[in-house]
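Spelled out from the first residue to the last, the chains are:
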Amino acid sequence: MAWGSKVLIVDDQSLAGSAVNSSAVTMNPGESDHVEVEIDPPATPTDEVTVAVYGTLDDSSENWDDVPIFSFNIGNDTDPNKASFIVSNLYKWRLTLTRDGSTDTFTVDAWYRSDGISV
């Protein structure tokens, strides 16, 4: 099957003191999602952005996991800077974006595209 449409899940959010959460994404069995996160750091950044993927089994009133499925940092050495990764084998997931310091304000965006395969 074909890839699904590109879907915006974080839209030009300001990442400063508190975390930014993406919209929740529900996957079909057998699907995987190609996810892309873009950060726009300030002129002379010192912080980096931590991207964490959390899961839940809930349909609504989500009770998100306390521990991420995985997390990584996007460096501040490129402006803007993008990172792609794959999410698979989860019922529902979302991103949580945070700064790894307390100095900088970033602008963040994120998208995903499902592979269109469902079993």
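In the block above lies the structure referred to throughout.
This is a predicted model, so every value here is computed, not measured. (Residues numbered from 1 in each chain as written. Predicted model: local features only at pLDDT ≥ 70, side-chain atom pairs only at ≥ 80, totals over all residues. Heavy atoms only, no water.)

A. Representation of the side chain of Asp 104. Position of Asp 104 among the secondary structure elements: in the loop between β8 (92–99) and β9 (106–114). In this structure Asp 104 is buried but unpaired, with Arg 99 as the nearest side chain of opposite charge at 6.7 Å. Within polar-contact distance, the side chain of Asp 104 engages the backbone nitrogen of Asp 47 at 2.7 Å. Not counting the four nearest positions on each side in its chain, Asp 104 is found in contact with Leu 15, Ala 16, Pro 42, Thr 44, Pro 45, Thr 46, Asp 47 and Arg 99. (Helix = DSSP H or I, 4+ residues; strand = E, 2+ residues; numbered from the N terminus. Buried < 20%, exposed > 50% of the residue type's maximum accessible area, 1.4 Å probe, protein only. Lys, Arg positive; Asp, Glu negative; His and termini not counted. Salt bridge = Lys/Arg side-chain N within 4 Å of Asp/Glu carboxyl O. Polar contact = N/O pair within 3.5 Å; in protein donor to acceptor, adjacent residues only side chain to side chain. Contact = heavy atoms within 4.5 Å.)

B. Seen up close, the pairing of β9. Burial runs high along β9: seven of the nine residues are buried. Inspection of the sheet shows strand β1 (residues 7–15) paired to β9 by six bridges, in the antiparallel sense. Looking at the pairing, Ser 14 lines up with Thr 107 of β9. The pairing of strand β4 (residues 32–40) with β9 spans eight bridges and is classified as antiparallel. In the strand pairing of β9, His 34 is matched with Arg 113. (Pairing = 2+ DSSP bridges.)

C. Broad picture of the nonpolar core. Counting residues in hydrophobic clusters, the biggest one holds 24 residues, and the most contacted among them are Val 37, Trp 93, Leu 95 and Leu 97. Broken down by secondary-structure element, the contributors of at least two residues to this core are β1, β4, β5 (49–56), β7 (81–88), β8 and β9. In terms of residue count, the dominant contributor to this core is β9 (four residues). Setting aside its immediate chain neighbours within four residues, Val 37 contacts Val 51, Ile 74, Asn 81, Lys 82, Ala 83, Phe 85, Leu 95, Leu 97, Asp 109 and Ala 110. (Core = buried A, V, L, I, M, F, W, Y, C linked by side-chain atoms within 4.5 Å.)

D. How the structure looks around a negative patch on the surface. Where like charges cluster on the molecular surface, the negative patch consists of Asp 11, Asp 12, Asp 40 and Asp 79. Tracing the chain through its elements places Asp 79 in the loop between β6 (70–74) and β7. (Patch = residues over 30% accessible without salt bridge, like charges linked within 9 Å, V, L, I, M, F, W, Y side chains within 5 Å. Areas by Shrake-Rupley, 256 points an atom, 1.4 Å probe, with all protein chains shown as cover. Charge placed at Lys NZ, Arg CZ, Asp CG, Glu CD.)

E. Just the sheet that holds β1, in detail. Ordered in space as β1-β9-β4-β7, the four strands form an open sheet in which the pairing is antiparallel. At either end of the open sheet lies a strand with only one pairing partner, and these are β1 and β7. Mean inter-strand twist for the sheet, computed between neighbouring axes without regard to direction, equals 15°. (Axes fitted to C-alpha atoms, helices over the stretch in contact; angles between N-to-C directions.)

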